[in-house]
Amino acid sequence: MYYGYRCYTKEDKPLGWLYTFSCDTEYAFTNTDLHWCKRWKTERGAKKHFEHYDSRWHFKSQGGYLKIEVMPEFSQSQYKAKSNQQRWNEANRDVLYQAQENYNQKRPIMSFRPKAELLKWLEEERTVDDNAEPETDAALLNRKLEKLKILEQQGF
């Protein structure tokens, strides 16, 4: 159960439930998308901000007013629902795990600490692309290993 601000015209006609948008600067009402609305779990919480919203609504609606009322029941679950991809991932964790294992076996992560003189040489060999970004460590090492592989195949 939530408490919300029910919007009324100056002729006492109910319009809908207050919601805000554009960083809380624009005010509107709705009867269908209640998950957008300003709402509180307690009446005390709704009263805390009532004057602010009521004066803004009064100005926007040219004389309308707000009342704190119990909102109709609505389902939040459909608005907080997980994506199809998230549901599939949760239902098929073993498939994801196996795919990750296969990927890791084909492309293992290697870790080593090169000597200081090799690090200096690698920095000198690092290329800079057109966007003025230096080559990544992985790209640099892959490029140098490819070059070494070709040289060894040629008999050097």
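If you're wondering where the values come from, they're calculated on a predicted model, not measured in any experiment.

1. Notes on the layout of surface pockets
Roughly 300 Å³ of internal volume is contained in the largest pocket. Pro-108, Ile-109, Met-110, Phe-112, Ala-138, Leu-141, Asn-142 and Leu-145 together form the lining of the largest pocket. Of the residues belonging to the lining of the largest pocket, the class tally is seven nonpolar, one polar and no charged.

2. Digging into a nonpolar patch on the surface
Residues Trp-88, Val-95 and Leu-96 make up a contiguous nonpolar surface patch of about 270 Å² in total accessible area. As for its placement among the helices and strands, Trp-88 is situated in helix α2 (residues 84-91). Judged by relative accessible area, which is 43%, Trp-88 ranks as partly exposed.

3. Describing the environment of Phe-74
Structurally, Phe-74 is set in the loop between β5 (65-70) and α2. Put simply, Phe-74 and Leu-34 are 40 residues apart on the chain and 6.9 Å apart in space, counted from C-alpha to C-alpha. Ignoring any residue separated from it by four or fewer positions in sequence, one finds Phe-74 in contact with Tyr-2, Leu-34, His-35 and Arg-39.

4. Brief notes about the pairing of strand β2 (residues 14-21)
Summarising burial for β2: six of the eight residues are buried, a large majority. What sits between the antiparallel neighbours strand β1 (residues 3-8) and β2 is a turn of five residues, in which Asp-12 has the positive phi angle 65°. With five bridges joining them, β2 and strand β3 (residues 26-30) adopt antiparallel strand pairing. Its bridge partner being in β3, Trp-17 is matched across the sheet by Thr-30.

5. Focus: the packing of aromatic side chains
Taken as a whole, this structure holds nine aromatic pairs when the rule is applied. Measuring from ring centre to ring centre gives 5.6 Å for Tyr-5 and Phe-50, while their planes differ by 65°; the resulting arrangement is edge-to-face. With Tyr-5 in strand β1 and Phe-50 in helix α1 (residues 43-60), the pair connects residues that are 45 residues apart, well separated along the chain. With a relative accessible area of 0%, Tyr-5 lands in the buried category. On the basis of an interplanar angle of 55° and a centroid distance of 5.9 Å, the ring pair of Tyr-27 and Tyr-53 is categorised as tilted. Here Tyr-27, found in strand β3, pairs with Tyr-53, found in helix α1; they are 26 residues apart in sequence, far enough to count as distant. An aromatic cluster is defined as three or more aromatic residues linked by ring pairs; in this entry it consists of Tyr-5, Tyr-27, Trp-40, Phe-50 and Tyr-53.

What counts as what
Residues numbered from 1 in each chain as written. Predicted model: local features only at pLDDT ≥ 70, side-chain atom pairs only at ≥ 80, totals over all residues. Heavy atoms only, no water. 1 Å grid on protein atoms, 1.4 Å probe; cavity = no way out; pocket = protein on both sides within 12 Å on 5 of 7 lines; lining within 4 Å. Points joined across faces, edges and corners; volume = space filled by probe spheres on them. Nonpolar A, V, L, I, M, F, W, Y, C, P; charged D, E, K, R; others polar. Patch = residues over 30% accessible without salt bridge, like charges linked within 9 Å, V, L, I, M, F, W, Y side chains within 5 Å. Areas by Shrake-Rupley, 256 points an atom, 1.4 Å probe, with all protein chains shown as cover. Salt bridge = Lys/Arg side-chain N within 4 Å of Asp/Glu carboxyl O. Helix = DSSP H or I, 4+ residues; strand = E, 2+ residues; numbered from the N terminus. Buried < 20%, exposed > 50% of the residue type's maximum accessible area, 1.4 Å probe, protein only. Contact = heavy atoms within 4.5 Å. Pairing = 2+ DSSP bridges. Phe/Tyr/Trp six-rings, centres within 6.5 Å; stacked < 30°, edge-to-face > 60°.

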